[in-house]
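Inside the fold
The primary structure of each chain is shown beneath.
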Amino acid sequence: PIYLRPPDAKTVAQRAEQRARATIRSVLCSPVHGAVLARLQQLCFDERWSTEAMTTLLSQPGVVGLLLVADETETPLGYALARAVGDEAEILSFGVDPRFRRHGHGARLLAELRVQIERMGPTRLFLEVAEGNNAARALYESHGFSVAGRRKGYYRGPRGIDDALTYRLDLVIPPSS
């Protein structure tokens, strides 16, 4: 027998992913989101940032924060913080709650953060990541980032000492309106 299906047919996995994406949204952060971002950051990293530090950072010019939340429960899934100065921007902190990793949330958050940063005008985006953080490195490299430098012994924590790799991404300048 010959089975015909419409050209826009999707697999069960593709339909499930589409439903999941429809129930997740990103929120542009303001200083009122400081406590939520601090809680997420503390779940993701050994070095803890306080609510006050997050709130202060979010109130500074050139800083953009994004929060990824599940629509139906308002559960925070991940966050991103970046700062733009002149023609450069840096991702200051980026994380997905460990309970929600490996579902594409980091990729979605990074793509949306990039859009926000490009709107601000920088031509280069930088970030630092522990050399041993293979999952984060794979995410950044899959989005076009490449290693631009190294800081020896930069990260010190319960898991030991690790080098920081500096990544760089050249951004597309949006056309002038």
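For the structure, check the block above.
The residue count restarts for each chain, going from 1 along the sequence in the order it is written. Local features in this predicted model are restricted to residues of pLDDT 70 or higher, and side-chain atom pairs are both shown and tallied only at a pLDDT of 80 or more, whereas totals for entire chains, interfaces and linings draw on every residue. Where side-chain values are given, they derive from all heavy atoms of the structure, hydrogens and water being excluded.

Considering helix 2 (residues 34-44)
The criterion, for reference: The buried label goes to any residue with under 20% of its type's maximum accessible area, the exposed label to any with over 50%, and the partly exposed label to all in between, with areas taken from a 1.4 Å probe on protein chains only. Starting at the N terminus, helices and strands are each numbered in turn, a helix being any DSSP run of H or I of at least four residues and a strand any DSSP run of E of at least two. Whether two residues touch is decided by their heavy atoms; if any such pair falls within 4.5 Å, the residues are in contact.
Regarding helix 2, the residues found buried are Gly-34, Val-36, Leu-37, Ala-38, Leu-40, Gln-41 and Cys-44. Where helix 2 is buried, its residues touch helix 3 (51-58), strand 2 (63-70), strand 3 (76-85) and strand 4 (88-96).

What to know about unusual backbone geometry
For Arg-102, which is not glycine, the phi dihedral falls at a positive 70 degrees. Mapped onto the elements of the fold, Arg-102 is located in the loop between strand 4 and helix 4 (105-120).

Description of the nonpolar core
Considering soluble globular proteins, one finds that nonpolar side chains tend to be buried as a cluster. Put simply, the rule is: Throughout, nonpolar core names a set of buried Ala, Val, Leu, Ile, Met, Phe, Trp, Tyr and Cys residues whose side chains join them through atoms within 4.5 Å.
If you look at the biggest cluster of nonpolar residues, it comprises 27 residues, and the most contacted ones within it are Ile-91, Phe-94, Leu-113, Ile-117, Leu-125, Tyr-140 and Phe-145. Every element with two or more residues in this core is listed here: strand 2, strand 3, strand 4, helix 4, strand 5 (124-130), helix 5 (134-142) and strand 7 (160-170). Beyond its immediate stretch of four places on either side in the chain, Phe-145 contacts Ile-91, Leu-110, Leu-125, Leu-127, Tyr-140, Tyr-167, Arg-168 and Leu-169. Of all hydrophobic cores here, the second largest spans 14 residues; its members include Met-54, Leu-58, Val-69 and Tyr-79.

Topic: the environment of Leu-127
Residue placement: Leu-127 occurs in strand 5. For the pair formed by Leu-127 and Glu-90, sequence separation is 37 residues and the distance between their alpha carbons is 5.5 Å. Leu-127 has contacts with Ile-91, Tyr-140, Phe-145, Leu-165, Thr-166 and Tyr-167, leaving out every residue within four places of it along the chain.

Thoughts on the pattern of salt bridges
Applicable threshold: The rule for a salt bridge is simple: a side-chain nitrogen of Lys or Arg has to be within 4 Å of a carboxyl oxygen of Asp or Glu.
Tallied over the full model, the rule gives 12 salt bridges. In this structure, Glu-128 and Arg-151 form a salt bridge, with 2.9 Å as the shortest nitrogen-oxygen distance. Taken as a pair, Glu-128 in strand 5 and Arg-151 in strand 6 (residues 146-157) lie far apart in primary sequence, 23 residues in all. With relative accessibility at 21%, the residue Glu-128 sits in the partly exposed group. Note that Asp-170 and Arg-168 form a salt bridge whose closest N and O atoms lie 2.8 Å from each other. Under the relative-accessibility criterion, Asp-170 is labelled partly exposed at 49%. Look at the salt bridges and you will find they share partners, linking Glu-131, Arg-150, Lys-152 and Asp-163 into a network.

Observations concerning helix 4
Inclusion rule: Expected helix span is given by 1.5 Å per residue-to-residue step, counting one fewer step than there are residues.
With 16 residues, helix 4 ought to run about 22 Å at 1.5 Å a step, and its terminal C-alpha atoms sit 23 Å apart, in line with that. Within the span of helix 4, buried status applies to His-105, Gly-106, Arg-108, Leu-109, Leu-110, Leu-113, Gln-116, Ile-117 and Glu-118.

Structural notes on the environment of Thr-73
Inspection of the secondary structure puts Thr-73 in the loop between strand 2 and strand 3. Since its relative accessible area comes to 51%, Thr-73 is described here as exposed.

A closer look at the pairing of strand 2
Going by this rule: Strands are treated as partners if at least two bridges between them are detected by DSSP.
Extensive coverage of strand 2 is indicated by the burial of 8 of its 8 residues. Alternating residues of strand 2 divide into Val-63, Gly-65, Leu-67 and Val-69 and Val-64, Leu-66, Leu-68 and Ala-70, and every residue in both groups is buried. With 7 bridges joining them, strand 2 and strand 3 adopt antiparallel strand pairing. Its bridge partner lying in strand 3, Leu-67 is registered against Tyr-79.

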